[in-house]
Amino acid sequence: MWKENDMRGKRTERRQRIRSVSWRLRLMGTILLGAAILLSVSFWGAYRIFLKRLEDTNLKATTLTFEQTERNINRKLQQAADSANRLLDEDIVLQYLTGNTNVPAEQSREAMKVVEELTAVMNYNPDLAGVALVNEEGHAIGITDWKMTAVADFLAEGKGDRFLKNSESRYPFYMWFGAEEVKKEFDGNHDFLNFFEANGGVAMKMLVGIRTIAFGENGTSYLFVSVGDMELKECYSQVLYNENTALLLDGGRRIISRTDGGELNKKPEYASLIPEDSDVGEFSFKKECGEEYQIIYYELPQYGWTLVNEIPKRVYQQQANELKGVLLFLWFSTLSLMFVFFIAWIGRYTKPVEQIIQGMKRVQEGNLEPVHFPASGIAEMDELGEQFGTTVDTIRALIGRVRSMDREMAEEELKTLQYQINPHFLYNSLNSIRWMAVMNNNPKVADALLLLARIIEPILRSPSSYWTVREELDFLDSYVKMLTLRFGGALEYEVDCGGVLKECVFPKFTLQPILENCFIHGMIPGDTMKIRIEIERKDGLLEVCVRNTGNKIEKQVLKRLNEALERRQEPDAAAGSIGLLNVNKRLFLLYGMGADMRVSSGELEDTAVVVKIPEKTVEKR
């Protein structure tokens with residue numbers, strides 16, 4: 001049996017050690033998990049902010065570059081237009097445009113003179129890829145950067161009308177179009193267009209400008225000028241970095257030019273996402289190939305075109321991934337340092353907590369011995385341990401007081417039971433003696449016995465601790481009459497109490513010891529003592545004041561008496577005040593801190609005992 005108990009005790013101790021380690025591990029795990037989540041959220045937020053900053057930087061850099069590109073395009077197209085306009089200063093060109101010069105074949109003298117003027121313009125501006133004239137009779141003559149010339153009749157009826165009509169609406173300015181769009185519109189099946197297409201022709205010339213020279217009844221003449229691929233790309237070549245692609249879109253969002261040599265005159269996949277009412281902006285787009293791009297657009301309102309920069313996100317995400325690697329290293333390093341720190345911290349901080357937990361378990365098991373914890377060097381833990389020890393001491397003191405009160409209440413109950421032993425025998429015996437005094441013609445003895453019976457009767461009537469104020473005053477009336485028989489006419493007694501208050505609940509025999517104290521300590525031989533009882537309601541309390549005109553209480557004695565009443569001291573704590581202390585203790589047992597009792601006395605005032613109790617706190621039983 002002893003071995004079994006020993007093994008059970010060891011198992012219990014082992015379980016307690018496991019629980020001790022377990023809660024420490026849970027604490028450390030919880031803190032580390034919270035730190036890991038906080039760090040993860042913070043680092044992920046930093047990573048996303050870094051990516052956003054890169055995108056914003058790309059937008060700002062591209063916008064600045066596109067602003068310069070816009071200026072470059074404006075300058076290059078204006079130079080091309082100015083160079084072509086020089087042809088209008090030559091008589092042979094004007095004669096050709098008005099149809100006054102006959103150009104029947106490419107090798108005619110007039111045609112050669114026009115070609116010389118076209119060649120001079122091409123030589124003057126190397127950016128030009130081709131120049132062509134169309135006169136009022138529909139004949140066309142032109143030259144390309146390959147120095148190839150063509151003389152032919154103009155296009156069939158209706159071909160290219162959209163471009164020609166637009167140029168007429170902008171007279172005398174140029175209208176610029178993408179070369180592939182022009183090629184498609186003019187159909188490419190005429191000798192004149194075959195000339196442009198023959199050596200790379202229109203397909204290699206990114207922009208075509210068309211200007212109306214004159215229009216009227218005799219017909220309309222036009223000037224065609226083309227800017228080459230390489231010359232146009234020079235305008236936005238500085239946009240190229242990080243494997244991106246720059247594009248130039250026309251008003252219909254078709255590609256005029258691009259830096260990667262891809263297909264022209266088609267809409268990019270994201271064309272519909274470019275807003276119509278925004279001059280500059282950016283958005284993300286994942287192409288059919290699955291790669292995600294940052295698309296930055298910039299409007300050229302003068303021409304109705306749009307510059308676009310396609311930046312693969314994987315390019316600058318490589319930079320972000322470098323930051324991600326640094327953040328991951330910091331994440332693991334921080335958690336590792338926190339782990340080491342928490343091991344040291346738990347060893348120091350949880351030990352006093354564990355001691356307090358063990359102390360709580362002892363208290364739970366009923367062990368209320370004084371608790372003292374060794375100093376840990378941590379002010380908060382030491383304060384907590386001290387407060388716990390103080391709490392245990394307070395609980396032990398309260399339990400002692402409760403046990404003492406239980407014993408006293410048991411004794412009171414026993415006395416009550418003893419008082420109930422044949423009470424009618426004593427009461428009937430007094431009545432018998434009273435009738436004997438009456439029969440022997442002794443009225444004073446008979447009256448005294450009658451008063452004594454009235455005093456004893458409520459004492460023997462019921463063990464209850466309460467009755468009404470009226471019953472308390474009736475009992476005092478009999479008691480005072482008995483004292484009057486004893487002291488003759490040396491006593492004046494009066495009561496001031498409203499009729500409603502007489503129905504309030506009142507603790508039995510509370511005022512009788514106070515009145516008795518007045519006679520014992522306050523009676524002055526040869527003088528008439530005046531006793532007055534005042535009962536009133538104040539702030540929800542029933543206040544009873546017992547005044548007498550007897551001896552005054554010395555200041556030091558009065559001070560000690562009130563201190564004893566305030567501390568609820570035992571009846572023998574202040575000599576000569578046992579009755580008052582008994583009443584005070586009884587009120588505390590019945591009402592707790594809700595009751596109060598004070599004594600006042602002075603040379604210019606009567607001695608007064610004031611009792612305050614809650615009004616109607618206990619129902620009458």
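What you see is a predicted model; the values in this text were computed from it and never measured.

About the cut-offs
- Residues numbered from 1 in each chain as written.
- Predicted model: local features only at pLDDT ≥ 70, side-chain atom pairs only at ≥ 80, totals over all residues.
- Heavy atoms only, no water.
- Helix = DSSP H or I, 4+ residues; strand = E, 2+ residues; numbered from the N terminus.
- Buried < 20%, exposed > 50% of the residue type's maximum accessible area, 1.4 Å probe, protein only.
- Contact = heavy atoms within 4.5 Å.
- Areas by Shrake-Rupley, 256 points an atom, 1.4 Å probe, with all protein chains shown as cover.
- Expected span 1.5 Å × (residues − 1).
- Arc of directions from axis to C-beta.
- Axes fitted to C-alpha atoms, helices over the stretch in contact; angles between N-to-C directions.
- Parallel < 35°, antiparallel > 145°, perpendicular 65-115°, else oblique.
- Left-handed = near helix turned anticlockwise from the far one by under 90°.
- Nonpolar A, V, L, I, M, F, W, Y, C, P; charged D, E, K, R; others polar.
- Salt bridge = Lys/Arg side-chain N within 4 Å of Asp/Glu carboxyl O.
- Pairing = 2+ DSSP bridges.
- Phe/Tyr/Trp six-rings, centres within 6.5 Å; stacked < 30°, edge-to-face > 60°.
- Lys NZ or Arg CZ within 6 Å of the ring centre and 35° of its normal.
- Core = buried A, V, L, I, M, F, W, Y, C linked by side-chain atoms within 4.5 Å.
- Patch = residues over 30% accessible without salt bridge, like charges linked within 9 Å, V, L, I, M, F, W, Y side chains within 5 Å.

Draft legend 1. Broad picture of the overall build of the protein. Secondary structure summary: the protein contains 15 helices and 18 strands in total. Burial analysis of the protein (621 residues in total) assigns 42% to the buried set. Contacts in the protein between residues far apart in sequence, at least 24 positions, make up 63% of those at least 6 positions apart. Total accessible area on the protein stands at roughly 35,000 Å², and carbon and sulfur atoms take up 54% of it.

Draft legend 2. Up close: helix H3 (residues 109–124). Over its 16 residues, H3 extends 23 Å from the first C-alpha to the last, a length consistent with the 22 Å expected when each residue adds 1.5 Å. Considered for burial, the residues of H3 that qualify are Ala 111, Val 114, Val 115, Leu 118, Thr 119, Val 121 and Met 122. End-on, the buried residues of H3 take up no more than an arc of 155°, which puts them together on one face. In H3, the exposed positions that point more than 90 degrees away from the buried face belong to Arg 109, Glu 116, Asn 123 and Tyr 124.

Draft legend 3. Quick look at the packing of helix H14 (residues 555–566) against helix H15 (residues 578–591). Interhelical geometry of H14 versus H15 gives an angle of 25° and a closest axis separation of 10 Å. As summarised for this structure, H14 and H15 are arranged roughly parallel, according to the angle between their axes. Crossing hand, H14 versus H15: right-handed. Counting all contacts with H14, which are made through Leu 561, Ala 564 and Leu 565, the residues of H15 involved are Leu 580, Leu 581 and Asn 584. Among the residues forming the contact of H14 with H15, the class breakdown is five nonpolar, one polar and no charged.

Draft legend 4. Inspection of the pattern of salt bridges at higher detail. Taken as a whole and assessed by the stated rule, the structure comprises 23 salt bridges. Across the salt bridge formed by Glu 503 and Arg 470, the nearest N and O atoms sit 2.7 Å from each other. Taken together, the positions of Glu 503 in the loop between strand E13 (491–497) and strand E14 (505–507) and Arg 470 in helix H12 (residues 469–487) put the pair 33 residues apart, joining distant regions of the chain. Taking relative accessible area as the criterion, Arg 470 reaches 35% and is therefore assigned partly exposed. Residues Lys 538 and Glu 536 are paired through a salt bridge, measuring 3.5 Å at the closest nitrogen-oxygen approach.

Draft legend 5. How the structure looks around the pairing of strand E10 (residues 292–300). With respect to burial, E10 is a largely interior element, eight of its nine residues being buried. With seven bridges joining them, strand E9 (residues 280–286) and E10 adopt antiparallel strand pairing. Looking at the pairing, Glu 282 lines up with Ile 296 of E10. The antiparallel hairpin formed by E9 and E10 contains five residues in its connecting segment, where Gly 290 sits at a positive phi of about 95°. In terms of strand pairing, E10 meets strand E11 (residues 305–312) through eight bridges, oriented antiparallel. Residue pairing for E11: Tyr 298 is matched across the bridge by Leu 307. In sequence, E10 turns back onto E11 through a hairpin of four residues, with Gly 304 there showing a positive phi of about 75°.

Draft legend 6. Up close: unusual backbone geometry. Notably, Phe 509 is not glycine yet its phi reads approximately 55°, a positive angle. The residue Phe 509 is located in the loop between E14 and helix H13 (512–522) in this model. For Phe 509, a relative accessible area of 23% puts it in the partly exposed group. Of note in this structure, Asp 539 is not a glycine but carries a positive phi near 55°. Along the chain, the position of Asp 539 falls in the loop between strand E15 (529–538) and strand E16 (541–548).

Draft legend 7. Layout of the packing of aromatic side chains. Throughout the structure, instances matching the rule amount to 10 aromatic pairs. Ring geometry for Trp 467 against Phe 509: centres 5.2 Å apart, planes inclined by 65°, an arrangement best described as edge-to-face. Taken together, the residues span a long stretch of sequence, with Trp 467 in strand E12 (residues 466–468) and Phe 509 in the loop between E14 and H13 at a distance of 42 residues. Linked through ring pairs, Tyr 270, Phe 283, Phe 285 and Tyr 297 together constitute an aromatic cluster. One residue, Arg 86, lies across the ring of Tyr 124, its end atom 4.1 Å from the ring centre. One residue, Lys 287, lies across the ring of Tyr 293, its end atom 4.4 Å from the ring centre.

Draft legend 8. The arrangement of the sheet that holds strand E8 (residues 255–258) in detail. One open sheet holds the five strands; their spatial order is E8-E7-E11-E10-E9, and the pairing between them is antiparallel. Edge positions in the sheet fall to E8 and E9, since each has one partner strand and no second. Between one strand and the next, the sheet's axes are offset by a mean angle of 25°, whatever the strand orientation. Sheet topology places strand E7 (residues 245–249) next to E11; five bridges connect them, and they run antiparallel.

Draft legend 9. Quick peek at the sheet that holds strand E17 (residues 596–602). Taking strand neighbours across the sheet as the criterion, the five strands line up as E13-E15-E16-E18-E17 in an open arrangement whose pairing is mixed. The two strands at the open ends of the sheet, each matched to only one other strand, are E13 and E17. The average angle at which neighbouring strand axes cross in this sheet is 15°, direction not considered. The sheet contact formed by E13 and E15 spans seven bridges and is parallel. By the bridge assignment, Leu 491 is partnered in E15 with Met 529. Against the sheet, H13 makes contact with E13, E15, E16, E17 and strand E18 (605–614), and its axis sits at roughly 150° relative to E15, the strand it touches most. Contacts from H15 reach E17 and E18, with the element oriented near 20° to E18.

Draft legend 10. Layout of the nonpolar core. Val 131, Leu 133, Trp 176 and Trp 305 are the most contacted members of the largest nonpolar core, which has 42 residues in total. With sequence-adjacent residues up to four places away left out, Trp 176 is seen in contact with Leu 77, Ala 80, Leu 207, Val 208, Gly 209, Val 225, Val 227, Tyr 303 and Trp 305.

Draft legend 11. Seen up close, a nonpolar patch on the surface. Taken together, the side chains of Leu 33, Ile 37 and Val 41 make up a nonpolar region of the molecular surface, amounting to roughly 300 Å² of accessible area. In this structure, Leu 33 sits in helix H1 (residues 2–85). Judged by relative accessible area, Leu 33 falls into the exposed class, the value being 54%.

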